[in-house]
Every structure is written in structure tokens, then in C-alpha cells.
Amino acid sequence: MNTTLPTLPATRPVQNFFLRQNPQFAILALALLLITFSLGYLTHLSLKNQLLEMVNDQARVIVDNISPALQFGDRDSAQTILSSLNSNRSVEAAMLLDTDQKPFAQWFKHRELHPKLTQMQYANVSDTPWLSDNVISLPVWINASVQGHLLVLINYDPLKTRLLTLLSITIIVVLLSLIAAYFMLQKVQRALGRSEAALYQQANFDGITHLPNRYAFFNELGQTLGRLAPTRNPFFLLFFDLDNFKAVNDTHGHITGDKLLYAVGQRMHHNLPKDWRLFHLGSDEFVMITSIALPPAQLESALRMIKQILKSPFVIDANEFFVTMSIGISRYPEHGQTVEALLRSADTALHAGKREHKGQARLFSEELSTLSRNRFKTENALRHAIELDELRLFYQPQISLSTGRIIGVEALLRWQHAEKLIAPDEFIPVAEESGLILELGEWALYEGCKVRKHWLDQGLSDFTIAINLSSRQLTDIDLPFLVQTVLERTCLPARLLELEITESMLMRDLDKAVVALQKLRRLGVKIAIDDFGTGYSSIAYLKQLPIDLLKIDRSFVRDLDHDENDRAIIKAILQLAQTLGLNTLAEGIEEDSQAEYLKQHGCRLGQGYLWAKALPQSEAFVKIRQSQQLKG
């Protein structure tokens with residue numbers, strides 16, 4: 001698979017950055033060296049001036065002291081005075097000239113300096129001090145007249161040696177600093193390079209599956225769309241969703257779930273065509289971009305290949321996991337010409353397919369888009385249904401087959417919206433998918449108990465009200481507390497409330513269901529299993545369940561008069577209920593012959609259009625009262 005991704009738009013590659021900075025680093029080094037030499041030269045001039053001032057001051061002192069020796073012709077004293085310059089390392093020689101510019105006294109540090117002394121005596125002297133090259137000349141005044149001159153030969157070598165030493169040390173320090181700075185910059189460059197690589201990895205790749213992530217997907221698909229815009233060459237976008245992945249997290253923990261996601265991602269990564277780019281969007285969602293739009297036959301073959309890749313189990317921590325995927329497919333440019341549009345179309349197809357049957361692939365169509373928009377509108381309207389008082393409960397009587405009297409009612413939810421009464425088949429799936437079912441279920445439970453308590457206060461006794469629970473409610477740990485709270489608020493005796501759950505709900509997580517039902521049973525309410533016979537209940541578990549009633553599904557009753565299989569199934573259910581000591585109720589009875597057959601084979605209760613459809617509260621009240629008056 002090609003997972004090459006574009007460079008992050010907000011990040012400059014560090015390697016190129018430093019390569020561009022290296023010439024500037026060299027220029028900086030040269031500039032520092034030039035500054036060092038310039039400072040050395042300025043220091044040289046400053047020290048030279050200081051030296052000249054120091055020697056000149058010392059020479060003036062000597063002139064003041066040597067004038068008597070010159071006046072009285074005392075050459076030895078003059079020689080001694082001149083030799084005092086020996087302490088000054090920068091003075092090499094000195095000569096005292098008389099008025100005829102002949103040497104009167106002279107001093108030199110080294111014999112080889114004698115030729116220089118000979119040259120000094122021919123130097124141009126004047127009545128004013130002067131400096132020529134490295135010779136200082138000062139006049140010697142005696143009685144207000146110049147009687148001689150003092151010549152001092154200066155040695156600049158110590159100064160030069162000092163300056164060269166200082167300059168060498170400075171250059172070495174600068175060079176070492178530059179070398180250290182260069183290697184430090186190289187180290188920083190490598191560290192920043194590693195940091196950039198880590199940031200790039202973190203920004204573009206998922207930490208669980210190590211696949212390109214959501215950011216990389218939007219970036220990659222955006223560039224692909226921009227590249228294909230002129231030609232509009234088609235390609236497919238496949239949106240994957242792992243089926244029942246939540247159950248893996250719930251039963252084995254999120255660490256195992258993450259390991260499974262990694263295993264799924266890596267297996268697909270290594271087995272899909274290399275030009276198909278696979279991304280992990282997050283949670284249990286993957287998306288793939290095909291290089292071209294495949295013909296229908298090849299697309300079906302590719303989908304079969306994906307299923308084959310996932311067919312063998314994944315072994316995680318010694319546990320086997322069989323994985324199926326639901327797939328939504330969109331096609332560029334028909335189903336969208338932007339990243340958002342293509343992904344939305346694939347997502348719409350994915351969820352439409354999952355609502356029908358998990359583990360299948362679905363190609364987007366405008367019909368699905370219309371359905372999706374309608375579901376969205378339904379969900380938004382349903383969120384306001386309670387506050388706008390649009391929900392209704394209708395009540396269908398439950399009849400004793402032996403006496404024909406009403407022994408209970410089932411509360412059925414309806415939605416009065418826009419002057420239309422909407423059946424539960426149209427909005428309950430939306431409520432379950434959106435999570436609104438918990439709120440609707442709580443409302444139905446409270447409203448049903450409140451109405452049943454009102455009827456009780458009106459003298460209607462000795463019958464139960466059955467209220468359906470959703471699968472979300474059954475797995476909600478707060479359900480027992482909710483039921484207890486509703487019973488306390490409405491003051492309804494618990495024995496008059498019956499809670500119905502379907503067999504399929506029961507089998508999704510039987511252990512949790514048993515715990516929840518036991519807590520409910522301890523409150524004193526009755527438990528019924530609805531649509532019995534359509535699921536796959538284990539008799540071993542069934543006998544452990546705290547239930548009171550089995551409701552035979554209407555699908556077995558509908559063809560009871562002419563279908564031997566249905567009659568055999570009903571007989572088996574009735575025999576099972578009798579063995580377990582459970583009451584039975586058949587749903588969907590529309591014919592007297594059906595009621596008679598069920599009664600003869602031991603079914604005690606019935607429900608269906610033979611007696612009444614689901615009735616509004618007022619009509620149900622009248623019908624129940626009539627039934628109880630007949631009893632009286």
C-alpha cells in the first residue's frame with residue numbers, strides 16, 4: 001500500500017533549513033575573524049601610543065637629571081643616568097649629544113645595537129621634541145638654551161610579541177567557539193530532525209494501528225481531488241466499520257480492542273493492492289481510496305477479497321476474534337467532488353447498510369441520501385417530541401381466552417406529529433440509533449404508570465399494564481432505580497406493572513439481562529418475554545430467568561389455521577411454558593378459530609384485533625370498565 005503523504009503545510013523541513021543556514025554560518029565565522037583582527041589592530045595602536053607616552057615621560061625625567069652632567073662635562077654621571085633606562089624592556093639604547101651633535105654619553109642593552117647608535121647621532125635634531133620611526137629626540141636645556149639632545153631608541157618587539165600572543169589566543173578561542181557552535185548546531189539539527197519526524201509521525205499516523213490517520217486522509221484525498229479535477233477521472237472511496245466492536249471493548253477491555261484494531265489494520269495493509277491507500281479515521285472506522293474506479297464486476301471481486309482477508313480469526317492474547325466489516329462506498333465525481341461530500345456519501349451508505357444487515361457493502365445512491373435526510377429530520381423533531389407533548393400511549397387489551405374478559409393492557413407508544421399519528425416502526429429505530437430511546441422509554445414508563453394509577457383511583461383494578469423496554473434500557477444499570485422511582489412517584493403498586501423484553505434483546509447479553517431482571521423482580525413487578533419463538537433462547541437459561549409470561553409471536557399465529565409447522569411450534573412453546581410453570585399469551589389473534597385452537601392447547605391469554613386494536617386512553621378506559629362490569 002502506498003502511504004506516501006504530503007509534507008505538513010505548517011512545517012519546514014529542518015534539514016533544508018540548516019543547509020540554507022550553513023553559508024551564513026561561514027560568513028558569520030569570517031566576520032568574527034575580521035572583527036578579531038580589527039580589534040587586534042586597534043589594540044596595537046592603543047598600546048603603542050601608551051608605550052610612547054611612557055617612554056617619553058621617562059626620557060623627560062632623564063633630561064631633567066642629565067643636564068648638570070652635560071653642563072659640567074661629567075660623562076660618567078651621564079652614562080649612569082642613561083643606564084637607568086635598562087629597566088624598561090621597550091628601550092634598546094640612548095645617546096646624549098652635545099651642542100656639536102657629538103656623542104657625549106651613550107647606553108645600549110646589546111653590543112650589536114652599536115651601529116644603530118652611530119645612525120642615531122646623525123639624526124635630525126631640533127630644539128623641539130620629535131619622533132621619527134622608533135627614535136625619540138628631546139632637547140636638553142641649560143640656562144635657557146639648548147646645550148644638547150637626548151635620543152632614545154624604542155624597541156617594539158615586546159609589544160608585538162604581546163599583541164601576537166593575545167591575538168593568537170583570541171583567534172583560537174573564536175575558532176574553538178565557532179567549531180563548538182557548528183557541532184552544537186549540527187546536534188540541534190539532528191534533534192530537530194528527529195522531533196520533526198516524530199511530529200510528522202504523530203500528526204499523520206495513528207498511534208494504535210500505525211496507519212495514516214484522519215489528518216492524512218483529508219490531506220491525501222484533498223490533493224487527489226485537486227489533481228483529478230481537470231480530468232475528473234473516477235475512483236472509489238470505501239468507508240469501513242467493524243461490526244460489534246463495542247462488544248469487544250466491553251467484554252475484553254480497551255487494550256484488547258486496540259490490539260484487534262492494530263491486527264485488522266496491518267492485515268489489510270499488507271494484503272490490499274499497493275495503490276489502494278488505507279487510513280484509520282479513529283475508533284473502529286477505516287477508509288480506503290482506490291486508485292481507479294473499478295467496473296462493477298471488479299468492485300464486487302475486490303469486496304470479496306476484503307471479506308476473504310478478514311475471514312480467518314484474529315488471535316489476541318489467546319482469544320479468537322472473528323471480524324466482519326460493514327462497508328459504505330462512494331464514487332468520484334458522481335457522489336461528491338469534495339472530501340466532505342465523498343466521505344458523507346460513503347458514511348450514509350455504510351449506516352444504511354448496517355441498519356438492514358451488518359457485514360455487507362452498500363453503494364451510495366440519492367435514495368439513501370433522501371432517507372438519511374429524512375432520518376435526520378425525524379431525529380431532530382423527535383428530540384422535541386416530549387417537550388411539545390407529542391407523544392401518546394395507546395392501550396391494547398389482553399384477554400383471558402377462557403372468560404373473554406380483559407386481564408391487562410399493553411401500552412404502545414405513538415407519536416402525534418404534524419397532525420399525523422406516526423407508528424413506532426417509523427421512529428423507534430431512529431430513537432434507538434440516536435440514543436433517544438432512553439428518554440422515550442422513561443417517558444413511556446412514567447406515563448403508563450401514571451395512567452394505570454389514575455384508572456386504579458377510578459375503580460379499575462385487577463389488571464396489569466405492560467410496558468415495553470428497549471435493549472438500551474435493559475442494559476442501563478440505572479433501570480431498576482428508575483422503575484422504583486417511577487413506582488414511588490406514581491404510587492402504583494408494583495404488582496400491577498409488567499415489563500416486556502424481547503427474546504432477541506435477552507440473548508444479546510444473557511448474563512447481564514439475568515442480573516437486571518432479578519433486580520426488577522425484587523421490586524415486585526412482573527416480567528414477560530415478548531415475541532417468544534423468534535430468537536434462540538436456551539432452555540437451560542430460560543428456566544433460570546425470573547419471568548412470569550411468555551408471549552407467542554404473531555408470526556406463528558397468523559397462519560395457524562393452515563400451517564402445520566406453526567401449530568407444532570405453538571404446541572412446543574405451550575408445553576415448555578407449562579413445564580416451567582409460566583403463563584402464556586398469543587399475539588396477533590384475528591380469528592375466532594385461532595383463539596379456540598390456542599385455548600384448547602393450553603394458552604391462557606390472547607391479544608389482537610379479534611377483540612380490539614390499540615386504543616387511546618379514554619376509549620381504553622371505557623372498554624376496560626365495560627369488561628369489569630360484565631365480570632360483576
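Scoring rules and cut-offs
- Residues numbered from 1 in each chain as written.
- Predicted model: local features only at pLDDT ≥ 70, side-chain atom pairs only at ≥ 80, totals over all residues.
- Heavy atoms only, no water.
- Salt bridge = Lys/Arg side-chain N within 4 Å of Asp/Glu carboxyl O.
- Helix = DSSP H or I, 4+ residues; strand = E, 2+ residues; numbered from the N terminus.
- Buried < 20%, exposed > 50% of the residue type's maximum accessible area, 1.4 Å probe, protein only.
- Contact = heavy atoms within 4.5 Å.
- Polar contact = N/O pair within 3.5 Å; in protein donor to acceptor, adjacent residues only side chain to side chain.
- Expected span 1.5 Å × (residues − 1).
- Phe/Tyr/Trp six-rings, centres within 6.5 Å; stacked < 30°, edge-to-face > 60°.
- Lys NZ or Arg CZ within 6 Å of the ring centre and 35° of its normal.

1. So, the pattern of salt bridges
Moving on, step 1. Scanning the entire structure with this criterion turns up 17 salt bridges.
Moving on, step 2. In this structure, Glu433 engages Arg355 in a salt bridge whose closest nitrogen and oxygen atoms are separated by 3.3 Å. Here Arg355 lies in helix H9 (residues 339–356) and Glu433 lies in helix H11 (residues 424–434), a separation of 78 residues in the sequence.
Moving on, step 3. Exposure remark for Glu433: the relative accessible area of 43% places this residue in the partly exposed category.

2. A few points about the environment of Lys420
Moving on, step 1. As for its position among the elements, Lys420 is in strand S15 (residues 420–422).
Moving on, step 2. Classification of Lys420 by relative accessible area gives partly exposed; the value is 46%.
Moving on, step 3. Apart from the residues lying within four places of it in its own chain, the contact partners of Lys420 are Trp415 and Glu426.

3. Observations concerning the environment of Asn244
Moving on, step 1. Looking at the element boundaries, Asn244 is found in the loop between strand S6 (235–242) and helix H6 (245–252).
Moving on, step 2. Separated by 114 residues in sequence, Asn244 and Lys358 place their C-alpha atoms 8.9 Å apart.
Moving on, step 3. Polar contacts involving the side chain of Asn244 include one to the side chain of Lys358, which spans 2.8 Å.

4. Topic: helix H16 (residues 510–522)
Moving on, step 1. Spanning 13 residues, H16 covers 18 Å between terminal C-alpha atoms, matching the ideal 18 Å at 1.5 Å per step.
Moving on, step 2. For H16, the set of buried residues is Leu510, Ala513, Val514, Ala516, Leu517 and Leu520.
Moving on, step 3. Of the residues trailing H16, Gly524 is marked for its positive phi of about 105°.

5. Thoughts on the packing of aromatic side chains
Each pair of aromatic rings is reported with the distance of its centres and the angle of its planes.
Moving on, step 1. Summed over the entire model, instances satisfying the criterion amount to six aromatic pairs.
Moving on, step 2. Centroid distance Phe217 to Phe218: 5.4 Å. Interplanar angle 75°. Geometry classified as edge-to-face.
Moving on, step 3. Phe218 sits in the partly exposed class, given a relative accessible area of 28%.
Moving on, step 4. Judged by centre distance (5.2 Å) and plane angle (20°), the ring pair of Phe235 and Tyr332 falls under stacked. Here Phe235 is found in strand S6, whereas its partner Tyr332 is found in strand S11 (residues 325–332), with 97 residues between them in sequence.
Moving on, step 5. On the basis of relative accessible area, Tyr332 is assigned to the buried category, the value being 3%.
Moving on, step 6. Lying across the ring of Phe394, Arg414 places its NZ or CZ 5.9 Å from the centre.
Moving on, step 7. Geometry around Phe463 places Arg452 over its ring, the cationic atom sitting 3.7 Å from the centre.

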